[in-house]
Amino acid sequence: MIPPKPGAREARVSLWRYWRLFRTDILSAQPERLYRAKMAEFRTPFFRSFLVNDPDLVRHVLIEAPKDFPKSERVIRGLNILLGQSVFVTNGALWERQRRIIDPAFEGGRIRDRFGAMMAAAEAAADRVQPGRVDIEALASHATADVIFRTLFSIPIEDQVASKTYAAFRAFQRSQPVAILSALIPWWPVRHKRATREAAQELRSLIAKLVTAREAEIEAGTAPDDLATKIMTTPDPETGETFTRSEMVDQVAIFFLAGHETSASLLGWALWCLAAAPETGRLVAEEAEAFMRAPSFAGLSQMPAARNVLRETLRLYPPVPMMVREAAVAQEFRGREVKRGAQIVISPWHLGRHENAWDAPDAFLPERWDAKPAREAYLPFSAGPRVCPGAGFAMAEGAVLLAALMARFQFEVAETPVPVAHLTTRARDGIFLNAAHR
Ligand code: HEM
């Protein structure tokens, strides 16, 4: 099965045209040659940018010299309104402190402890599916937000504050363009639309409510043992200090943003790929039915077909299609001068479909993962010190959601979706499948 890839274009585009495409449909703005090139340079009047596909250079940027390539200020400027000083946007000593406190919450054992909460969200998602035409992106988005509320704060999405938070989050996403021009031009002040500002403010005040209530529960010794309690009570091993309230609000905001939209993108595309490859769909459904008879964390390792499907979906539709870093010191890449301030783009989207790295790069072949292919062009969770702390959590969550849905329903393709890059990899007009009870 060859799943859809947006029509790539060969012609050079003007900056203005590129900018418009970038805002509406970044993936079809990509020239075909970028799926073959080791590197490409883009010149704009304001800065140079380098798309890096060479595995040695990718390793250099992310793993060997990450301090020379901090998060790009341009991208951070656009997200600050919601994320404040969250771990996703900080650099240097502040970022290191935040990771020291956050990482223990996502260790293997903690994920096992959250299995029950994931399972409850997955069963609730399957209960909501009505046979017939299903808006899969909406289903996936609701389900993964439910997982975040249940694992972080031990509340289902139906809870009053949770449902308001989810509504504010959706309003923020609808109002926030893919990229903000003022965030890309150095001297242009960052301006957000009023709707974006209001949604971000509403969202942050709802998160503050959840954090304040949890502080009181921790104080009273009645707090549930979930991710929020773990993160709020973990002291920095170097200073002994825990997060302040406002630091915690910043972190919760990123858990919603980084943890729910990405997982929703993965689930949506995985279900579509399975509907379009019915043989694989049957295999996963058999595994899922066996798993759902006695669900357990250990049982997740008994679903190799589902795991392969998740890996292959992450290769073809990486939820984070591109990552941007900034050269903090002058460099030379493949004989070309990279000045300080240049933007370095690492693209899981291009790497996952690169002609030098994969056989049949555009084909959906989950069984390729049985042969343990080289992973140097596989970066859906990034790599190095800034690797996604939620990777293990997301793989467990993806398998649980896939199992609950595939055990009960058979999905058929209703329309062929066109992938586009919003904050995550989404479908231009949504993903629609026809569902029938098994
Ligand atoms: C399929 C699901 C997911 C994918 C594909 C994914 C992918 C990524 C990627 C590529 C990055 C690096 C971004 C960059 O450096 O520019 C990242 C960072 C991050 N992710 Fe995930 N993620 C997923 C799920 C989650 C979940 C479930 C959580 C937490 C609940 C999470 C929390 C984070 C955080 C906090 C960061 C920032 C880390 C840092 O900068 O040090 N992610 N994720």
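Values in this document were obtained by computation on a predicted structure and should not be read as measured data.

Caption draft 1: View of the overall build of the protein. The helix and strand inventory of the protein stands at 16 helices and eleven strands. For the protein, buried positions account for 43% of its 438 residues.

Caption draft 2: Layout of the site of the ligand. As a matter of local geometry, the ligand sits amid 22 residues, with G259, T262, C388, G390 and A394 nearest to it. At the level of elements, helix 12 (245-276) and helix 16 (391-408) are the ones that each hand at least two residues to the shell around the ligand. Per-element tally for the shell around the ligand: the top contributor is helix 12, with seven residues. Its residues assigned to classes, the shell around the ligand shows 15 nonpolar, five polar and two charged.

Caption draft 3: Region of the structure containing helix 10 (residues 194-220). Over its 27 residues, helix 10 extends 39 Å from the first C-alpha to the last, a length consistent with the 39 Å expected when each residue adds 1.5 Å. Turning to helix 10, its buried residues are T196, A199, A200, L203, R204, L206, I207, L210, V211 and R214. Structurally, helix 10 contributes buried residues whose contacts are with helix 3 (73-83), helix 7 (136-153), helix 8 (160-175), helix 11 (227-233) and helix 12. Positive backbone phi, approximately 75°, marks G221, located one or two places after helix 10.

Caption draft 4: Expanded view of the confidence of the model for the protein. Put simply, the protein has an average pLDDT of 89, and 90% of its residues get 70 or more. Confidence drops under pLDDT 50 across residues 8-14; counting only partners more than four residues distant or on other chains, this segment forms eleven contacts. Ignoring residues within four places in sequence, the model shows residues 178-184, a span with pLDDT below 50, making 23 contacts including any to other chains.

Caption draft 5: Spatial organisation of the sheet that holds strand 1 (residues 39-43). Pairing within the open sheet is mixed, and its four strands lie in the order 1-2-7-4. Edge positions in the open sheet fall to strand 1 and strand 4 (323-326), since each of these has one partner strand only. Averaged over all pairs of adjacent strands, the angle between their axes in this sheet comes to 25°, without regard to strand direction. Where strand 2 (residues 48-52) meets strand 7 (residues 343-346), four bridges bridge the pair, whose relative direction is parallel. Within the sheet, the bridge partner assigned to S49 lies in strand 7 and is Q343. Docked against the sheet, helix 2 (residues 55-64) engages strand 1, strand 2, strand 4 and strand 7, running at close to 115° with respect to strand 7.

Caption draft 6: Highlighting the pairing of strand 7. Strand direction decides the pairing type here: strand 4 and strand 7, joined by four bridges, are antiparallel. Each residue of the ladder has a partner; that of M323, found in strand 7, is I346.

Caption draft 7: Representation of the environment of A223 within the structure. Tracing the backbone through its elements, the reader meets A223 in the loop between helix 10 and helix 11. In this structure the C-alpha to C-alpha distance between A223 and S154, which are 69 residues apart in sequence, comes to 9.7 Å. Excluding anything up to four places from it in sequence, A223 contacts R214, E217, I218 and T229.

Caption draft 8: Just the sheet that holds strand 11 (residues 432-437), in detail. Reading across the sheet, the three strands line up as 3-11-8 and stay open at both edges, with antiparallel pairing between neighbours. Bordering the open sheet on either side are strand 3 (132-135) and strand 8 (409-413), each of which pairs with just one other strand. In this sheet, neighbouring strand axes are inclined to one another by 40° on average, regardless of whether the strands run parallel or antiparallel. As judged from the five bridges shared by strand 8 and strand 11, these two strands associate in the antiparallel manner. From the neighbouring strand, Q410 faces strand 11, where its bridge partner is A436. Where helix 7 meets the sheet, it contacts strand 3 and strand 11, and its direction lies at approximately 55° from that of strand 3.

Caption draft 9: Structural detail: the nonpolar core. Counting 100 residues, the largest nonpolar core has L402 and A403 as its most contacted members. Residue contributions to this core peak at 20 residues, all from helix 12. The next biggest cluster of nonpolar side chains, apart from the first, holds 15 residues, and it includes F50, V52, V58 and A342.

Caption draft 10: Geometry of the environment of A258. With respect to the secondary-structure elements, A258 resides in helix 12. Judged by the 23 C-beta atoms lying within 10 Å of it, A258 is buried. Put simply, A258 and G390 are 132 residues apart on the chain and 8.7 Å apart in space, counted from C-alpha to C-alpha. For A258, the residues in contact, after removing those within four places along its chain, are F88 and G390.

Reading the values: rules and limits
- Residues numbered from 1 in each chain as written.
- Predicted model: local features only at pLDDT ≥ 70, side-chain atom pairs only at ≥ 80, totals over all residues.
- Helix = DSSP H or I, 4+ residues; strand = E, 2+ residues; numbered from the N terminus.
- Buried ≥ 20, exposed ≤ 12 C-beta atoms within 10 Å, placed from the backbone.
- Near = placed C-beta within 6 Å.
- Nonpolar A, V, L, I, M, F, W, Y, C, P; charged D, E, K, R; others polar.
- Expected span 1.5 Å × (residues − 1).
- Contact = placed C-beta atoms within 7 Å.
- pLDDT = per-residue confidence, 0-100.
- Pairing = 2+ DSSP bridges.
- Axes fitted to C-alpha atoms, helices over the stretch in contact; angles between N-to-C directions.
- Core = buried A, V, L, I, M, F, W, Y, C linked by C-beta atoms within 7 Å.

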